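Structure at a glance
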Amino acid sequence: MSLLDEYARTCTILTQERVAGPEGGWTTEWVEGETFINHSARSSSAEVDRAEKLGEKAQFTILIDQAVPIAYGDYYRDEQTGETYRVTSDPEDLQTPPSSTLCLKACFVERRDLPE
C-alpha cells in the first residue's frame, strides 16, 4: 500500500440539471455523475490560516487522475463523509509531466454546500 492509497477517498461529481417543476417553471436538481478517487490534504499556509480566521472556508488541495472530467466551479461529494466541495482552481494548470508514472492533476477546493 502506498502513501497515496492511504489518503484515497471515493468521490462523485455532481452536476446541475434543470427539470420542469410540478407547478410550472423550472427547478434545479443535482445529479450524480462519474465516480473518481481523490487524494486530498488540507491547505495549511500562513495565508490560508489567516483567511480562515477571517471567516473564509477551509481550503484543500486534491490530487486526481488526469482522466477525471472535473473543471473549475464543479461540485463533488466525498462518499465517506457526505460533504460536498467546490473546485476553486483549474485542474488542467497543475499536471504531472508526460514522463511521470503517476498521471495526476492537482487543484484547490473548498468545502461548500450545494446551491439551491
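As a reminder, the structure under discussion sits directly above these lines.
In this report, the structure presented in the accompanying data block is examined. (Residues numbered from 1 in each chain as written. Predicted model: local features only at pLDDT ≥ 70, side-chain atom pairs only at ≥ 80, totals over all residues. Heavy atoms only, no water.)

Turning to the environment of L94, a few remarks are in order. Its place among the elements puts L94 in strand 6 (residues 94-95). Apart from the residues lying within four places of it in its own chain, the contact partners of L94 are L104, K105 and A106. (Helix = DSSP H or I, 4+ residues; strand = E, 2+ residues; numbered from the N terminus. Contact = heavy atoms within 4.5 Å.)

With that settled, consider the environment of T96. Mapped onto the fold, T96 is located in the loop between strand 6 and strand 7 (104-111). The partly exposed category is assigned to T96, whose relative accessible area is 26%. Considered as a pair, T96 and Q66 are 30 residues apart in the sequence and their alpha carbons are 8.6 Å apart. Other than its neighbours up to four places away in sequence, T96 contacts Q66, L102, C103 and L104. Polar side-chain contacts of T96 include one of 3.2 Å to the side chain of Q66. Among the polar contacts listed, one links the side chain of T96 to the backbone oxygen of L102, at a separation of 2.7 Å. (Buried < 20%, exposed > 50% of the residue type's maximum accessible area, 1.4 Å probe, protein only. Polar contact = N/O pair within 3.5 Å; in protein donor to acceptor, adjacent residues only side chain to side chain.)

Let us look at the nonpolar core. Among the nonpolar cores identified, the biggest contains 14 residues, and F36, I62, I64, V68, I70, Y76 and V109 are the most heavily contacted of them. For this core, the secondary structure elements donating two or more residues are strand 1 (8-20), strand 3 (59-65), strand 5 (84-87) and strand 7. Sort the elements by how many residues they give to this core and strand 3 lands first, with 3 residues. Every residue in contact with I62, bar those within four places of it in the chain, is listed here: N38, H39, S40, Y76, K105, A106, C107 and V109. (Core = buried A, V, L, I, M, F, W, Y, C linked by side-chain atoms within 4.5 Å.)

Two strands pair when backbone bridges link them, and strand 1 and strand 2 (residues 26-42) are joined in this way by 12 bridges, in the antiparallel orientation. Following the sheet pairing, E17 is matched in strand 2 by E29. As judged from the 4 bridges shared by strand 1 and strand 4 (residues 75-78), these two strands associate in the antiparallel manner. If you follow I13 over to strand 4, its bridge partner there is Y76. (Pairing = 2+ DSSP bridges.)

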